[in-house]
Amino acid sequence: MRAVWYERTGAAPTVLTVGEMPTPDAGPGEVRIRLEPPASIRPMSAAAAATIARWSFRA
Amino acid sequence: MIPNSDGAGIIDQLGEGVTRFAVGDRVWLFNGQRNGRAFGTAAEYITLADYLVTPLPQDVSFAAGATLGIPCMTAWCALFADGPVAGQTVLVTGGAGAVGHYAVQLAKWGGARVIATVSSQVKDVEARLGGADMVVNYRTEDVVAKVMAFTENRGVDRVIDVDFGGNLATTLKLMALNSTIAVYATNGNRTPTLPVRELMEKCITVRSLVLFALPPPLLAAAQADITKWLESGTRVHNIAGQFALAETADAHLAVEKGDKIGTVIVDCAR
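Residues numbered from 1 in each chain as written. Chains lettered and ligands numbered in written order. Predicted model: local features only at pLDDT ≥ 70, side-chain atom pairs only at ≥ 80, totals over all residues.

### Observations concerning the confidence of the model for chain B
Of all residues in chain B, 100% have pLDDT values of 70 or greater, and the mean over the chain is 96. On the interface metric, ipTM, the complex scores 0.92, and its pTM is 0.91. (pLDDT = per-residue confidence, 0-100.)

Listed below in structure tokens is the structure:
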């Protein structure tokens, strides 16, 4: 996986490395989460979906 | 160490014995890089104990989910660890901050009258958007006079305090009898002198906390209540800035600069 890490402390731009590391496996009692892009399309609420369904029906 | 402790995403793999979640569930998390865990959320994936993970309601975006984490959990615990706030007056210092803004919204939802202090006109608007009944600019206004007038000289029942030491002289003048100061930060003065006799005479409780040391049952109560709160209305999640994963250093500099309103988020897929 792609990750950002540091191996010593200091100012962020001087110590943070961007690179690849092995994707971890979930241990007992753990879950693995794929961190999702914040700009992803906002999922539609049930109310909004129902409204759009009504519009489609009228059309 | 992979930095950053909060995040949101989709469950991708279950470890042995996990029954609370299914692959594909939308979730938010807190305390990722905490309590001895080296690997936080500045990565495409994180593995984490399931009790630190909470279902994310369908109509709450991943961006909003990523801002919840430690700020929202801290706000809930500071507010409700000592019982309900219905009918009480709550003062949130720094009412536009990451924790403070959630504290304002949660206190309103919990049935309190809410006063927020802020340091600028922009933050005044933010605190009002969160639902504050009165907002005081502590740089230009007399906080004690305004709070005492608002409470008809009774004072406030709870303070959710971002700077216990720095605010103490002011705070003591506006506390009601049998009130509580909940402290989650004290950067203005880390070693304040405590006038204990003054605290005693008003029967004031000082509740101090850091999220990672609170007991698991309290954290579970917080997660359950935050879910109810998310599901029962439209909430404000302030995003101060967004950076690609490779720009994590810039994201940290944006936080260190100290003038942000809300939470800086990192897009881990970019």
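### So, the interface of chain A and chain B
Counting residues at the interface gives 31 residues for chain A, matched by 48 residues for chain B. When contributions to the side of chain A that touches chain B are tallied by element, the ones reaching two or more residues are β1 (2-5), α1 (12-15) and β3 (30-35) of chain A. Sort the elements by how many residues they give to the side of chain A that touches chain B and β3 of chain A lands first, with 6 residues. Across the side of chain A that touches chain B, the residue classes break down as 19 nonpolar, 5 polar and 7 charged. (Contact = placed C-beta atoms within 7 Å. Helix = DSSP H or I, 4+ residues; strand = E, 2+ residues; numbered from the N terminus. Nonpolar A, V, L, I, M, F, W, Y, C, P; charged D, E, K, R; others polar.)

### So, the sheet that holds strand β1 (residues 7-14) of chain B
Neighbouring strands of a sheet are bound in pairs by backbone hydrogen bonds; such pairs are parallel or else antiparallel. Strand order in the open sheet formed by 5 strands is β3(B)-β3(A)-β1(B)-β2(B)-β4(B), with antiparallel pairing between adjacent strands. Of all the strands in the sheet, the pair left with one neighbour each is β3 (45-49) and β4 (53-55) of chain B. Taking the axes of each pair of neighbouring strands and ignoring which way they run, one obtains an average angle of 45° across the sheet. In terms of strand pairing, β1 of chain B meets strand β2 (residues 26-29) of chain B through 4 bridges, oriented antiparallel. In the sheet register, Ile-10 of chain B faces β2 of chain B, and the bridge partner there is Arg-26 of chain B. (Pairing = 2+ DSSP bridges. Axes fitted to C-alpha atoms, helices over the stretch in contact; angles between N-to-C directions.)

### Details of the packing of helix α1 (residues 62-80) of chain B against helix α7 (residues 216-231) of chain B
Residue and element names in this part refer to chain B. Following both chains from N to C, one finds α1 and α7 inclined at 105°, their axes separated by 10 Å at the closest point. Between α1 and α7, the crossing angle belongs to the class labelled roughly perpendicular. Contacts between α1 and α7 pair Leu-68, Cys-72, Met-73, Trp-76 and Cys-77 from the former with Leu-218, Leu-219, Ala-222, Asp-225 and Ile-226 from the latter. Across the contact of α1 with α7, the residue classes tally to 9 nonpolar, no polar and 1 charged. (Parallel < 35°, antiparallel > 145°, perpendicular 65-115°, else oblique.)

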